[in-house]
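Structural overview for review
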Amino acid sequence: MGDPVQLRRLASRSEWDPHRRDAVELILPAAVTRSPRRRVPPLNDRDASILEGVASGASSVQLAASLFLSQQGVSYHIGRLLRRFRVPNRTALVGRAYSLGIFDSGSWPPKVLREFVADE
């Protein structure tokens, strides 16, 4: 089968509280932690821009104005992303992108990591 998921308690230098949620580290099996690039088809620059805009909470009209597209063009790209990531709505799209590691976790607004953008 594979390695089971394991939990390991973390002890910090300050007082350790076992009731805190961050006191447990999840150790995932090697099969889960492989490069997400294999599971995600590469995005083009336009898809990356649309995904970043959706993640920052921009509406289709706002995205259309900032990317110099029509509102229908933005809706088309969002629909393609929804199908590609197999999710039903924008919220799930952003959640799936974060879970796959597509976004840089330490930035706001969210930025797609360059390793997920195909060079064209």
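Residues numbered from 1 in each chain as written. Predicted model: local features only at pLDDT ≥ 70, side-chain atom pairs only at ≥ 80, totals over all residues. Heavy atoms only, no water.

**Some details on the packing of aromatic side chains**
Counted by the stated rule, this structure contains one aromatic pair. Ring plane angle 50 degrees and centroid distance 4.8 Å describe the contact between Tyr98 and Phe103, whose orientation is recorded as tilted. For Tyr98, a relative accessible area of 35% puts it in the partly exposed group. A relative accessible area of 4% places Phe103 in the buried class. (Phe/Tyr/Trp six-rings, centres within 6.5 Å; stacked < 30°, edge-to-face > 60°. Buried < 20%, exposed > 50% of the residue type's maximum accessible area, 1.4 Å probe, protein only.)

**A closer look at the packing of helix α2 (residues 60–67) against helix α3 (residues 71–85)**
At a closest axis distance of 8 Å, the pairing of α2 and α3 adopts a crossing angle of 110 degrees. The angle between α2 and α3 falls in the class roughly perpendicular. Seen from α2, the contacting residues are Ser60, Val61, Leu63 and Ala64; seen from α3, they are Gln71, Val74, Ser75 and Ile78. Along the lines of polarity and charge, the residues of the contact of α2 with α3 split into five nonpolar, three polar and no charged. (Axes fitted to C-alpha atoms, helices over the stretch in contact; angles between N-to-C directions. Helix = DSSP H or I, 4+ residues; strand = E, 2+ residues; numbered from the N terminus. Parallel < 35°, antiparallel > 145°, perpendicular 65-115°, else oblique. Contact = heavy atoms within 4.5 Å. Nonpolar A, V, L, I, M, F, W, Y, C, P; charged D, E, K, R; others polar.)

**Let's talk about unusual backbone geometry**
Of note, the bond from Trp108 into Pro109 is cis; its omega dihedral lies within 30 degrees of zero at 0 degrees. In this structure, Pro109 sits in the segment after α4 (90–99). Unusually for a residue other than glycine, Arg86 sits at a positive phi of about 55 degrees.

**Concerning the environment of Pro110**
In this fold, Pro110 is placed in the segment after α4. Between the C-alpha atom of Pro110 and that of Gly53, which follows or precedes it by 57 residues, the distance is 8.2 Å.

**Considering the pattern of salt bridges**
Two side chains bearing opposite charge may form a pair once their charged atoms approach each other closely. Tallied over the entire structure, the rule returns three salt bridges. A salt bridge links Arg114 to Asp45; the nearest nitrogen and oxygen atoms lie 3.3 Å apart. Of this pair, Arg114 sits in the segment after α4 while Asp45 sits in helix α1 (residues 45–55), placing them 69 residues apart in sequence. Owing to a relative accessible area of 56%, Arg114 belongs among the exposed residues under this scheme. According to the relative accessible area criterion, Asp45 is partly exposed, its value standing at 47%. Residues Asp47 and Arg80 are paired through a salt bridge, measuring 3.6 Å at the closest nitrogen-oxygen approach. Linking Asp47 in helix α1 with Arg80 in helix α3, this pair joins segments that are 33 residues apart in sequence. (Salt bridge = Lys/Arg side-chain N within 4 Å of Asp/Glu carboxyl O.)

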